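Observations on the three-dimensional arrangement
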Amino acid sequence: MSLIASRLLADTLTDPKRSAEYSPARWSQLIKQARAADLLGQLRARLATANRLDAASPAARRHLDIAWELSLRHRAAVRWEAIHVRDALADLGVPVVLLKGSAYCIADSPAAIGRVFNDVDILVPRRALDAAEVRLIRAGWLPARVNDYDQRYYRNWMHELPPMEHKSRGTVLDVHHTIVPPTSGIVPDAASLIDHARPVADPELKGLSVLAPEDMVIHSACHLFLGEFHKGLRDLFDLHVLFEDFGPRSGFWERLVSRSIEAGLARPVLDAMQQARRLFNTRIDVNAQALLEVRAGHPALPGVREWLFDQVLRPDHPLCRSAATGTARWLAYARSHWLRMPLPLLVYHLGYKATKGGAH
Amino acid sequence: MRVADFPPDQFDRKLADSGVPLRCGPFVVCISSRLPHIAAGLRFHYADFEVHADPEASDFDIRLEPPSVLRRLVRPQVNFTCDGRAPFRPLPIDQAFPMLEWGLNWVISSHAHDHLVVHGAVLERNGRALILAADPGSGKSTLCAGLVHAGWRLLSDELTLVNLDNGRLVPVARPISLKNESIDVVRALGPEAAVGAVCYGTGKGAVAHMRPPSESVARISEAAVPAWIIFPKFARTQTPPVVEEVGHAHAFMELTRHCFNYALLGGAAFGALAGLVDRCRVLRARYGHLDQILPVIEQLAAEETR
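Residues numbered from 1 in each chain as written. Chains lettered and ligands numbered in written order. Predicted model: local features only at pLDDT ≥ 70, side-chain atom pairs only at ≥ 80, totals over all residues.

All names here are of chain A. Taken N-terminus to C-terminus, the directions of helix H10 (residues 232–246) and helix H12 (residues 266–280) make an angle of 95°; their axes are 9 Å apart at the nearest point. With respect to H12, the axis of H10 lies roughly perpendicular. Residue-level inspection shows Leu-236, Phe-237, Leu-239, His-240 and Phe-243 of H10 in contact with H12, the latter providing Ala-272, Gln-275, Ala-276, Leu-279 and Phe-280. When its residues are assigned to classes, the contact of H10 with H12 shows 8 nonpolar, 2 polar and no charged. (Axes fitted to C-alpha atoms, helices over the stretch in contact; angles between N-to-C directions. Helix = DSSP H or I, 4+ residues; strand = E, 2+ residues; numbered from the N terminus. Parallel < 35°, antiparallel > 145°, perpendicular 65-115°, else oblique. Contact = placed C-beta atoms within 7 Å. Nonpolar A, V, L, I, M, F, W, Y, C, P; charged D, E, K, R; others polar.)

Below you can see the structure in the form of structure tokens.
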């Protein structure tokens, strides 16, 4: 059995049965890594399914159970917020599509099991963006106080409004009009994503929808592989669960390939397939992967990419860090910006951030 | 072995190398640091704490280190990390020990969700516990120190932990945090009130800590049954003191404001808080001096324990 510290969490999630041999010290490491990666609740669910919960040390068991209770509360809270968002936007008569974690939760996806949610993400048609913002403010979600530069950063260049926070419940809402920043040069057809969205089955949530399975995977892959890898392992685990859930459905892989290519997003989807397979042994359709490999072409510096992904897809915990992890995280940050904006804008943006400081 | 049982240089080495695992409320935290401020602070304030044998089986790894090599040299700073996460911005290095204390409060209040966590002090006498719940600046910690000096057992100065299963209060017994004028008030209680080094210019002004009594630390595994809740309010001009009963419904609503994880726990929090209030006599106390309020509380405890 491999005992590589940085793989402990991923290996246990993949094969919970191996935990039978863990010492209390190893359980303690596992819990700390899972906490750092925001995967404690998911770990609890995996162990429970494999009937391995009783093998956990008492201290580990306690943290797993706390995380589980927390995930149930989060789930109820996301439903509650989603209903309020829907009601606030009802008279606009436009589709409201939930994205990422909130979508997994509302669609009752296995990716929501044990997961905690930091915010609610929605996608609305671009033409309805301003009206939606006004109605959400009226319903109590106040735009986060950001400076003029950040206002411009979001409104002119990004794919979402500045985050909005509910004045009494404190919940954070991100309102998107597309799934990747327009400045990246990749312009997926947001209208088509909304057209293909699926209404949620739950009658209480009538009026809300989620992306079609293939689009949900594409968005999740973009968010991770064009992003900064903050909570990278958690996001990759989401993808693993989505692949495992959607994979057996008829026509899923064909639609995933054609939609990825159509949107110009073959590369991040391929990255998601390869990395999920590397860390979680995910069942990926061989033909689909081969087709995307042809379309995505050869990446520059493949060795560096592999090294970078290996570093940033670890739990952000000292036990998993190597001497190079800091450099890798910085490179991933630089890379995400490189992918997101053309060079002149990037120089301007990073120059501003370097002199004035800021969050992005 | 207790912290005080280690020769100082050996303790400091252990702190710098493998770390020192200590009880922190319902958890075991393994603290490591090379900073002399932390070593001295732990040796003084945690002298009676048991050092756990197995550093590897801790619930959390806590480190206090300069954030970068540069920050070791120029305007030195300290960073608090918990399992590699830094929940706060770095502080000037001479605030290292207060930062450890604030950090440990954060560890408990953001993870102990098998308890209802309330911002409040807990003391015990004759098996019955008193909760002091108040907004910062109300004199809660000063009153807590005064009661400890008068012989009450310290369960906690900052965090009331209500066990969700049985409603009992779980001890923390960490140092009492004192601010500004209250430092001298507590020092004046007498030499038994062991107040450590004062740290000036923090976000809360001057800060010092009082060491928990040995007996309170020795009884750290003994939970207590809640009996009284007091909402204290110190105001220099308040003479004579005013003590009045508070209705249970009102007390419940006021306490929800002081809970860290009320919204997070939902129904379980409602049940635990309602159970807590039901078991207690609730009072509001406004007073201008410790000497006015201490006898009132002593009398309350004496009457009802009879």
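Here the focus is the pairing of strand E5 (residues 172–176) of chain A. Residues and elements named next belong to chain A. In terms of strand pairing, strand E2 (residues 120–123) meets E5 through 4 bridges, oriented parallel. Its bridge partner lying in E5, Val-120 is registered against Leu-173. Where strand E4 (residues 164–166) and E5 come together, 2 bridges link them in antiparallel fashion. From the neighbouring strand, Glu-165 faces E5, where its bridge partner is Val-172. Linking two consecutive strands that pair antiparallel, namely E4 and E5, is a turn of 5 residues; a positive phi of about 75° is found at Gly-170 within it. (Pairing = 2+ DSSP bridges.)

On to the interface of chain B and chain A, then. The interface is formed by 12 residues belonging to chain B together with 15 residues belonging to chain A. Of the residues belonging to the side of chain B that touches chain A, the class tally is 2 nonpolar, 4 polar and 6 charged.

Attention shifts here to the pairing of strand E3 (residues 60–65) of chain B. Residue and element names in this part refer to chain B. Within E3, 5 of the 6 residues are buried, which leaves it mostly tucked inside the rest of the structure. With 5 bridges connecting them, strand E2 (residues 27–33) and E3 associate as parallel partners. Across the sheet, Ser-33 pairs through a bridge with Leu-64, a residue of E3. (Buried ≥ 20, exposed ≤ 12 C-beta atoms within 10 Å, placed from the backbone.)

Here chain B averages 93 in pLDDT, while 98% of its residues score no lower than 70. Two summary scores accompany this predicted model of the complex, namely pTM at 0.88 and ipTM at 0.88. (pLDDT = per-residue confidence, 0-100.)

What follows covers the sheet that holds strand E3 (residues 141–143) of chain A. Residues and elements named next belong to chain A. The sheet built from 7 strands is open, its strands ordered E3-E4-E5-E2-E1-E7-E6 with mixed pairing. One side of each edge strand has no neighbouring strand; the edge strands of this open sheet are E3 and strand E6 (198–199). Packing against the sheet, helix H6 (residues 129–138) makes contact with E3, E4 and E5, and its axis sits at approximately 165° to E5.

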